[in-house]
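Below, each chain spelled out in residue letters.
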Amino acid sequence: WSQVVSEAEKIVGYPTSFMSLRCLLSDELSNIAMQVRKLVGTKHPLLDTARGFVYDSRNNLQMRGLVVLLISKAAGPSTAELSFQHNMVSGIYSSQRSLAEITELIHTAFLVHRGIVNIGELKSCDGPLKDMQFGNKMAVLSGDFLLANACTSLAQLQNTKVVELISSAIGDLVQGIYYENSKSSEENCLTDDIGISTWKEQVFLSHSALLAKSCQAAMELAKHSAEIQDMAFQYGKHMSMSHKLHSDLQPFVKESSSDTMAFSLNSAPAVLHQEFLGREAWIKQIREPCALRDNCARLHHRNPPRCACVFQQLQEAIKAGKGVTSAIDLCRCHGNRALAALERFPPSEARAALANIVYAVTRFP
């Protein structure tokens, strides 16, 4: 994955880690960064998010902007924009580069906002209460600052349809994250029977909508046809769905990891496993390790928030079922649909790089 991203960055002209550099090095955000240093020594999620901006080879936080640049170059100029080719650098319009930065700023803003912790669930080992409250305030303010900068840059593109597309993507993100948080706050969320179709709808809102609509907006900025815009949308949607499925599958397919990896019971393999197994049997599988955890707590006279045996037992049960293989098939299905959308673009280095990104997230041991 890192090699694919590195090669793709060469095609678009510069490392996408520099994409939001102008904003990240602004005086306002530098002041915020100085304040965030006060959280060192605590377990506030904002610290991990900040480290990820500097270097994160596993998750590639700048992946969305890179895809927008690649698909812009793959499509090239439209016949309606041939007279403006002098505005292109490395085959990409300056407005499309701005859009890639905007996409990254929006994604970063929501990452920062996700770093808000529930004060009521904190433990003494997480850090002093006043520091955690301060971290929450910084997460809200810095996330809002990034989002405001993105919206200002979006208005400067002076394209009503692009503004409408990206604004709707922000609305989708809010709706998706709100749904995630509202479900996770319910006591019975572990036994929630959402089904794979509902899972797809939720993942589109919270993970795919921004990239899909940004790819479409990049085509609109170059005045490409409605058909090309739709193909760009389809690539962004299905590639990001494959990316999320690949991420969900890692705790179940990683060969090198000897330890049990924590996973969400709302991840694709678990949801598919639940569909195949049936609701009653699924609830029973969840309750058995939970009872084991309670016995463990009584034995050790404490109440651990998580017991490794709970995850391990559920993980083995999901591995033994059809959920994992079905999730792999679904990942490859979305990957194939992303590759099919690319067929409408002329052969080029950029198109090959977009295809390689799909191959990287649909390849399993």
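Residues numbered from 1 in each chain as written. Predicted model: local features only at pLDDT ≥ 70, side-chain atom pairs only at ≥ 80, totals over all residues. Heavy atoms only, no water.

**Let's talk about the nonpolar core**
Here comes step 1: Formed by 60 residues in total, the largest nonpolar core has its most connected members in V67, L70, L99, I106, Y235, M239 and F345.
Here comes step 2: Every residue in contact with Y235, bar those within four places of it in the chain, is listed here: V67, I71, A338, A341, L342, L354, I357 and V358. (Core = buried A, V, L, I, M, F, W, Y, C linked by side-chain atoms within 4.5 Å. Buried < 20%, exposed > 50% of the residue type's maximum accessible area, 1.4 Å probe, protein only. Contact = heavy atoms within 4.5 Å.)

**Quick word on the pattern of salt bridges**
Here comes step 1: This structure, assessed with the given rule, holds 4 salt bridges.
Here comes step 2: With a shortest N-O distance of 2.7 Å, D248 and K244 are connected by a salt bridge. With a gap of 4 residues between them, D248 and K244 both fall in helix α10 (residues 226-253), about one helical turn apart.
Here comes step 3: A residue is classified by how much of its surface remains accessible, and K244, at 16% relative accessible area, is buried. (Salt bridge = Lys/Arg side-chain N within 4 Å of Asp/Glu carboxyl O. Helix = DSSP H or I, 4+ residues; strand = E, 2+ residues; numbered from the N terminus.)

**Re the side chain of S326**
Here comes step 1: Checked against the element boundaries, S326 lands in helix α14 (residues 323-342).
Here comes step 2: S326 gets classed as buried once you look at its relative accessible area, which sits at 17%.
Here comes step 3: Among the polar contacts listed, one links the side chain of S326 to the backbone oxygen of K322, at a separation of 2.9 Å.
Here comes step 4: In contact with S326, not counting residues within four places along its chain, are L272 and F276. (Polar contact = N/O pair within 3.5 Å; in protein donor to acceptor, adjacent residues only side chain to side chain.)

**Topic: the packing of aromatic side chains**
Here comes step 1: By the definition in use, this model includes 1 aromatic pair.
Here comes step 2: Judged by centre distance (6.3 Å) and plane angle (55 degrees), the ring pair of F204 and F233 falls under tilted. Of this pair, F204 sits in helix α9 (residues 195-221) while F233 sits in helix α10, placing them 29 residues apart in sequence.
Here comes step 3: By relative accessible area, which is 18% here, F204 ends up buried.
Here comes step 4: Judged by relative accessible area, which is 15%, F233 ranks as buried.
Here comes step 5: Geometry around F204 places K237 over its ring, the cationic atom sitting 5.6 Å from the centre. (Phe/Tyr/Trp six-rings, centres within 6.5 Å; stacked < 30°, edge-to-face > 60°. Lys NZ or Arg CZ within 6 Å of the ring centre and 35° of its normal.)

**Brief notes about the packing of helix α1 (residues 2-12) against helix α15 (residues 349-362)**
Here comes step 1: It is the contact of α1 with α15, at a shortest axis distance of 10 Å, that shows an interaxial angle of 160 degrees. Taken together, the axis directions place α1 and α15 in an arrangement best described as roughly antiparallel. Pair α1 / α15 crosses with left-handed handedness. Residues V4, A8 and I11 of α1 form the contact with α15, whose participating residues are E349, A350, A353, N356, I357 and A360.
Here comes step 2: The residue inventory of the contact of α1 with α15, partitioned by class, reads 7 nonpolar, 1 polar and 1 charged. (Axes fitted to C-alpha atoms, helices over the stretch in contact; angles between N-to-C directions. Parallel < 35°, antiparallel > 145°, perpendicular 65-115°, else oblique. Left-handed = near helix turned anticlockwise from the far one by under 90°. Nonpolar A, V, L, I, M, F, W, Y, C, P; charged D, E, K, R; others polar.)

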